[in-house]
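Tertiary structure, described
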Amino acid sequence: FDFEPLGSAVQRFARYHGRTIEVSPDVARLELGGRFKLDELDDFLRDVAKTLPVQVLKSGDHLRIVPRQQ
């Protein structure tokens, strides 16, 4: 990804894995850069949470990406 909006990048992973991943509108436009393997969703989510001011919330199969709580 090269300055890809987070919402767009997440949707690529979601389609590849056949999952729904919600991205809060507050963070969907944050830009993401880097190389990620589509088949490594957990690694992608971990790296996103490390590099952007977001947190990934998991509840069963439901995933949400929201602003990081201060």
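Structure: above.
Counting from 1, residues in each chain are numbered in the order their sequence is written. At least 70 in pLDDT is required for a residue's local features to be given in this predicted model, at least 80 for side-chain atom pairs to be given and counted, and no such filter applies to totals for whole chains, interfaces and linings, which use all residues. The basis for every side-chain value is the complete set of heavy atoms in the structure, and neither hydrogens nor water enter the calculation.

1. Points about the sheet that holds strand β4 (residues 54-59)
- Strand order in the open sheet made by the three strands is β2-β5-β4, with mixed pairing throughout. Only two strands of the sheet have a single partner each, and these edge strands are β2 (21-23) and β4. Between one strand axis and the next, the sheet turns by 20 degrees as a mean value, whatever way the strands run.
- Any two strands with at least two DSSP bridges between them are considered paired. A run of H or I in DSSP becomes a helix once it reaches four residues, and a run of E becomes a strand once it reaches two; helices and strands are each numbered from the N terminus. Direction of pairing for β2 relative to strand β5 (residues 62-67): parallel, over a ladder of three bridges. Working convention: axes come from line fits to C-alpha atoms, limited for helices to the stretch in contact. Angles between N-to-C directions cover 0 to 180 degrees.

2. Brief notes about the environment of E22
- Its place among the elements puts E22 in strand β2.
- Three labels apply to residues, based on accessible area from a 1.4 Å probe with only protein chains included: buried if under 20% of the type maximum, exposed if over 50%, partly exposed otherwise in between. Relative accessible area serves as the criterion here: at 38%, E22 is assigned to the partly exposed category.
- In the analysis that follows, any N or O atom pair within 3.5 Å is treated as a polar contact, provided that within protein one partner can donate a hydrogen and the other can accept it, and provided that, for residues neighboring in sequence, both atoms belong to side chains. Only 2.9 Å separates the side chain of E22 from the side chain of H62, close enough to count as a polar contact.

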